[in-house]
Amino acid sequence: MRAYLGIEIGGTKLQLVLGDEAGKILERRRLAVDSAEGAVGIRAQIQRTLPELMALAQVAAVGVGFGGPVAWRTGRICRSHQVEGWSEFDLRGWLHELAGVPVFVDNDANVATLGEAKHGTGVGFNPVFYVTLGSGVGGGLVSDGRIYHGTAPGEAEIGHVRLDRAGTIVEARCSGWAVDAKIRALKTSEPGSLLCYMLDEKTGGEARHLLPALERKDAGAVRILQETAEDLALGLSHVTHLFHPQIIIIGGGLSGVGEPLRAAVEEALRGFTMDAFAPGPQVALAVLREDAVPVGALDLARTRLEAGNSVEKA
């Protein structure tokens, strides 16, 4: 059996998985990232863990989803917005020396899109647009089974789409951190909100209380959901008018709000889409969740290898 190795390098977590040709994860190693140790610390973790997985099967290629802009043809990192020490690093070359097999690197949101398009919610749809709502907001487009890059570096930066001329971007309104801040602000604006009673003194992760508050029809929670959904839908309307995806998939930590978020985004998107394109794309929730990047990385390794894009080619 031919096996592949998938790696997810993020700002808070590192995942290495061994998988088969169908994208099924056979073995997984999940490690926490210490941002204080920077890229050097992450590379040390990979150096310790990779040989362990390589010893379990005959690995044909390695695929990587990296959390930041990537020169995907060469595998060189442009930068990381969360971890110091990655700028201009030749990740593909370094991993090739460690693994001794072809290595393919792309932006993590692109790779997650590939995973969801070919192994998750997007199966049977074309094109597929994926938006991830986490600490930031990222996205990707897969058309005819391939990541759409455009001109280098080639990320679909939906999070940096402007919502107004003043420079407000989707990420500033719809990321997990943005929603956390909206919930914290209720302590001042709506101190009687149920959401306020759910909060503790620790800052961060307040969005986890949104769904329980929505289930109890808390007015503050309903308002925050509606604001967030409308802002996200406005950003996605530009994607819809330009690329006409058959489906838009919502993933990332904030997608844990589930059906209330999905339904609110879909309804708002209808209002922002021109009548000629009605009813517009289907809006759905991601199913791979934490596995989106690793599964996408496995598929990236397999498909790029089969296409003949070896590590020696720029």
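Use the structure listed above.
Residues numbered from 1 in each chain as written. Predicted model: local features only at pLDDT ≥ 70, side-chain atom pairs only at ≥ 80, totals over all residues. Heavy atoms only, no water.

## Some thoughts on the pairing of strand β2 (residues 13-19)
Part 1 of the argument: Most of β2 is tucked away: seven of the seven residues are buried.
Part 2 of the argument: Inspection of the sheet shows strand β1 (residues 3-9) paired to β2 by six bridges, in the antiparallel sense. Within β2, the position partnered with Ile 9 by the bridge is Leu 14.
Part 3 of the argument: If you look at the hairpin formed by β1 and β2, you'll find three residues sitting between the two strands.
Part 4 of the argument: In terms of strand pairing, β2 meets strand β3 (residues 25-32) through seven bridges, oriented antiparallel. (Buried < 20%, exposed > 50% of the residue type's maximum accessible area, 1.4 Å probe, protein only. Helix = DSSP H or I, 4+ residues; strand = E, 2+ residues; numbered from the N terminus. Pairing = 2+ DSSP bridges.)

## Points about the sheet that holds β2
Part 1 of the argument: Overall, mixed pairing links the five strands, which are arranged β3-β2-β1-β4-β7 in an open sheet. The open sheet has two edge strands with one neighbour each: β3 and β7 (103-107). Direction aside, neighbouring strands of the sheet carry axes that sit 15° apart on average.
Part 2 of the argument: Note that strand β4 (residues 59-66) and β7 share five bridges and pair parallel. Counterpart to Gly 63 in the pairing with β7 is Phe 104. (Axes fitted to C-alpha atoms, helices over the stretch in contact; angles between N-to-C directions.)

## A word on the side chain of Asn 110
Part 1 of the argument: Mapped onto the elements, Asn 110 comes out in helix α3 (residues 108-119).
Part 2 of the argument: For Asn 110, a relative accessible area of 1% puts it in the buried group.
Part 3 of the argument: Within polar-contact distance, the side chain of Asn 110 engages the side chain of Asp 106 at 3.0 Å.
Part 4 of the argument: Setting aside its immediate chain neighbours within four residues, Asn 110 contacts Gly 139, Gly 140, Ile 147, His 149, Gly 154, Glu 155 and Ala 156. (Polar contact = N/O pair within 3.5 Å; in protein donor to acceptor, adjacent residues only side chain to side chain. Contact = heavy atoms within 4.5 Å.)

## Considering the pairing of strand β8 (residues 128-133)
Part 1 of the argument: A large share of β8 lies buried, amounting to five of its six residues.
Part 2 of the argument: Across six bridges, β8 lies against strand β9 (residues 137-143) in antiparallel orientation. Counterpart to Leu 133 in the pairing with β9 is Val 137.
Part 3 of the argument: Hairpin connection of β8 to β9: three residues between the antiparallel strands.
Part 4 of the argument: In this structure, β8 lies alongside strand β11 (residues 247-251), joined through five bridges in parallel fashion. Within the sheet, the bridge partner assigned to Val 131 lies in β11 and is Ile 250.

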